[in-house]
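For reference, the chains in residue letters:
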Amino acid sequence: MGTLTLSTRITLLRVALVPLLLWLMLAEGRVEHAAVLAAAVFLVASFTDFVDGYLARRWQQITVLGNFLDTTADKLLVVGALLGLLALGRVDVWVAFVVIAREVAVLGLRAVAAAANVVISATIWGKLKFNVQVVGITLAILRPPVRLGSLWLDEWAMLAVALVSAASAVDYFARFGDLIRAGR
């Protein structure tokens, strides 16, 4: 591990936190304050996404491995949290599908772009999507006892997650879809 940058090590920490997050989510009812602890782990893991990127840019240590691991860590964190929420019955299957399908589709688009030597940087939509996901997933983990009409607060937040995720996918494919058309 001597050749890994600090930012890449922080990214790997995010990956390592995913099993702990899932364990805490699924331990609800058996471990005291499991939901609060799971939310804390999720927030810490999410914050590492900001920290690793900041450090890589600040110290000019942006690497291909670091970029790949950062994207992969983000996907593992979000998909892991969604799987835990599905097991708890706190997210609709269709919402999880929209988010996961977006992640897989954009990952595929990035792979096509990489094969064409094109780097797809995060857009404002991608950054907004991640922030909305953090809020929505945190609320779903905690499930605050707040109802707005017929839905819980976290259910409204997860609807926003699905909408912003879909809008983000549309943005990426509108900007870079020509790479796929060119590959025919």
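So, how was this worked out
- Residues numbered from 1 in each chain as written.
- Predicted model: local features only at pLDDT ≥ 70, side-chain atom pairs only at ≥ 80, totals over all residues.
- Heavy atoms only, no water.
- Helix = DSSP H or I, 4+ residues; strand = E, 2+ residues; numbered from the N terminus.
- Rg over C-alpha atoms; globule rule 2.2 N^0.38 Å.
- Buried < 20%, exposed > 50% of the residue type's maximum accessible area, 1.4 Å probe, protein only.
- Contact = heavy atoms within 4.5 Å.
- Areas by Shrake-Rupley, 256 points an atom, 1.4 Å probe, with all protein chains shown as cover.
- Lys, Arg positive; Asp, Glu negative; His and termini not counted.
- Charge placed at Lys NZ, Arg CZ, Asp CG, Glu CD.
- Salt bridge = Lys/Arg side-chain N within 4 Å of Asp/Glu carboxyl O.
- Axes fitted to C-alpha atoms, helices over the stretch in contact; angles between N-to-C directions.
- Parallel < 35°, antiparallel > 145°, perpendicular 65-115°, else oblique.
- Left-handed = near helix turned anticlockwise from the far one by under 90°.
- Nonpolar A, V, L, I, M, F, W, Y, C, P; charged D, E, K, R; others polar.
- Patch = residues over 30% accessible without salt bridge, like charges linked within 9 Å, V, L, I, M, F, W, Y side chains within 5 Å.
- Core = buried A, V, L, I, M, F, W, Y, C linked by side-chain atoms within 4.5 Å.
- Phe/Tyr/Trp six-rings, centres within 6.5 Å; stacked < 30°, edge-to-face > 60°.

The next subject is the overall build of the protein chain. Along the backbone of the protein chain there are six helices and two strands. For the protein chain, the sequential pattern of α-helices and β-strands runs α-α-α-α-α-β-β-α. Taken against the 2.2 N^0.38 rule, which gives 16 Å for 184 residues, the C-alpha radius of gyration of the protein chain at 17 Å falls within 12% of a compact globule. Judged by the C-alpha coordinates and their principal axes, the protein chain covers about 50 × 40 × 25 Å. Every one of the 184 residues in the protein chain was classed for burial, and the buried ones make up 42%. Counting only contacts in the protein chain whose residues sit at least 6 apart along the sequence, the fraction spanning at least 24 positions is 74%. Working note: accessible area of the protein chain is about 10000 Å², and carbon and sulfur atoms make up 70% of it. Of the side chains in the protein chain, 16 bear a positive and 12 a negative charge, and the two mean positions are spaced by 6 Å.

In this section: the pattern of salt bridges. One pass over the full model with this rule turns up 11 salt bridges. The salt bridge involving R14 is made with D52; its shortest N-O contact spans 3.0 Å. Of this pair, R14 sits in helix α1 (residues 6-26) while D52 sits in helix α2 (residues 34-58); the two residues are 38 residues apart in sequence, bridging distant segments of the chain. Each member of the pair, R14 as well as D52, carries the same accessibility label: buried. Connected via shared salt-bridge partners are R14, D49, D52, D70 and D74.

Time to look at the packing of α2 against helix α3 (residues 64-88). Where α2 meets α3, the axes come as close as 11 Å, and the angle between the chain directions of the two elements is 165 degrees. For the element pair α2 / α3, the angle class is roughly antiparallel. Crossing handedness for the pair α2 and α3: left-handed. Two secondary-structure elements touch here, α2 through F42, A45, S46, D49 and D52 and α3 through D70, D74, L77 and A81. The residue inventory of the contact of α2 with α3, partitioned by class, reads four nonpolar, one polar and four charged.

Once that is clear, we can look at a nonpolar patch on the surface. The grouping of F47, F50 and Y54 at the surface amounts to a nonpolar patch, some 340 Å² of accessible area in total. By the secondary structure assignment, F47 is in helix α2.

Attention now moves to the environment of V132. Along the polypeptide, V132 turns up in helix α5 (residues 124-142). Considered as a pair, V132 and V164 are 32 residues apart in the sequence and their alpha carbons are 7.5 Å apart.

Attention shifts here to the nonpolar core. Residues L21, F42, L85, I137, I141 and M158 are the most contacted members of the largest nonpolar core, which totals 28 residues. Listed by contribution, the elements that provide at least two residues to this core are α1, α2, α3, α4 (93-115), α5 and α6 (153-182). For this core, the element with the most residues is α5, which contributes six residues. In this structure, I137 is in contact with F42, V78, A81, L85 and M158, ignoring residues within four places of it in sequence. L109, I120, F176 and L179 belong to the second-largest nonpolar core, a separate cluster that totals seven residues.

Moving on: the packing of aromatic side chains. Inspection of the entire model under this criterion finds two aromatic pairs. For the pair F50 and Y54, a centre-to-centre distance of 6.1 Å together with 20 degrees between the ring planes defines the contact as stacked. Here F50 pairs with Y54, and both are found in helix α2, just four residues apart, close to one helical turn. The class for Y54 is partly exposed, based on a relative accessible area of 39%.

Purely spatial values, then, with no claim about function.
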